[in-house]
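Structural overview for review
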Amino acid sequence: LIVFFESLVDVGPAKYAKVVPLFKSKKTEGLLKPLNRLISNTCNGLPTWLNDFVIDAEEENALGTTIQAQLLKEQDLLEKLFCNLESYNEIITNINSDNLEEFYAYILKLHKNKLEETKIDYSAIPWVYIETTAKFALASAVYWPDSFSKLSGTNNYSSVKLVIEN
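Position labels on residues start from 1 in each chain and follow its written sequence. With the structure being a predicted model, the display of local features is reserved for residues of pLDDT at least 70 and the display and counting of side-chain atom pairs for 80 or more, all residues being used for whole-chain, interface and lining totals. To get the side-chain values, all heavy atoms of the structure are used, and hydrogens and water are removed first.

1. Some details on the side chain of Asp76
In DSSP terms, a helix is any run of H or I states spanning at least four residues, a strand is any run of E spanning at least two, and both are numbered starting from the N terminus. By secondary structure assignment, the location of Asp76 is in the loop between α4 (65-68) and α5 (77-82). Apart from the residues lying within four places of it in its own chain, the contact partners of Asp76 are Leu71 and Leu81. Residue contacts are counted whenever heavy atoms from the two residues lie within 4.5 Å of one another.

What follows is the structure, given as C-alpha cells:
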C-alpha cells in the first residue's frame, strides 16, 4: 500500500504521512494514526502512557528507511506531539494523579533537550493539571503569581495549595 502511495504523483510521504491514518500503534486497540504522529521504536525509555503514539514494531520494520524517516524521534516529541493540541488532548487522556509527576518530568526533559533554534509557543496548550477537577487548564486561566514559583520545599507549596483550594 505504501509503495502504491509513493508511486502516485504528488502523494508520496508528505501527503500520506500527515493526513492518512494507516498505521497502528503498540496499543492493541488503538486507533490508526498518520505516520508523522507516531514515534519510532528506536526511542528508548518512553513512558508507557505514550504507547498510543509508538508505531507497532512489525509495521515499522516493514517500512523502508525513507518512509521510517517520517516517524517522530525523541527530539521531535515536544514540538510535534506535545505542542500539537490534537495529539496533546489524546495524550492527557492517559494522565492522572498517579502518573502526573512522571508526565511533567518528561516534558521538562524534552524541553531541556530541545534544539535551541526550535521556537515553541507554549501558551495554547493546557499544561496545568487541576487536581480538584482532574482536568488540564491553560496557564492563563489559572491564578499563579510569581511568588508561588519561589516557594522552597514541598511543605510550603502544600500549605499554600490547601489555602487556595479551600
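Still more to cover.
2. What about unusual backbone geometry?
One non-glycine residue, Ala134, lies in positive phi territory at about 55 degrees. Assessed through its relative accessible area of 48%, Ala134 is described here as partly exposed. Type-normalised accessible area, obtained with a 1.4 Å probe on protein chains alone, sets the label of each residue: buried when under 20%, exposed when over 50%, and partly exposed for intermediate values.

3. As for the environment of Ser123
Tracing the backbone through its elements, the reader meets Ser123 in the loop between α7 (100-113) and β1 (128-130). Expressed as a C-alpha distance, the spacing of Ser123 and Ala139, which sit 16 residues apart in the sequence, is 7.2 Å.

4. Considering the packing of aromatic side chains
Stacked, tilted and edge-to-face are the three classes applied to pairs of Phe, Tyr and Trp rings, where Trp contributes its six-membered ring and a pair requires centres within 6.5 Å; stacked means planes under 30 degrees apart, edge-to-face means over 60, and tilted covers the rest. Tallying each qualifying case throughout the model produces 12 aromatic pairs. For the pair Phe82 and Phe103, a centre-to-centre distance of 6.2 Å together with 50 degrees between the ring planes defines the contact as tilted. Of this pair, Phe82 sits in helix α5 while Phe103 sits in helix α7, and the two are 21 residues apart along the sequence. Look at Phe82 and you get buried, because its relative accessible area is 0%. When the centroid spacing of 5.5 Å and the interplanar angle of 65 degrees are considered together, the rings of Phe103 and Phe136 count as edge-to-face. Remark: Phe136 occurs in strand β2 (residues 135-137) and Phe103 occurs in helix α7; sequence separation between them is 33 residues. You can call Phe103 buried: its relative accessible area is 0%. Taken together, Trp49, Phe82, Tyr88, Phe103, Tyr104, Tyr106, Tyr122, Trp127, Tyr129 and Phe136 form an aromatic cluster joined through their ring pairs.

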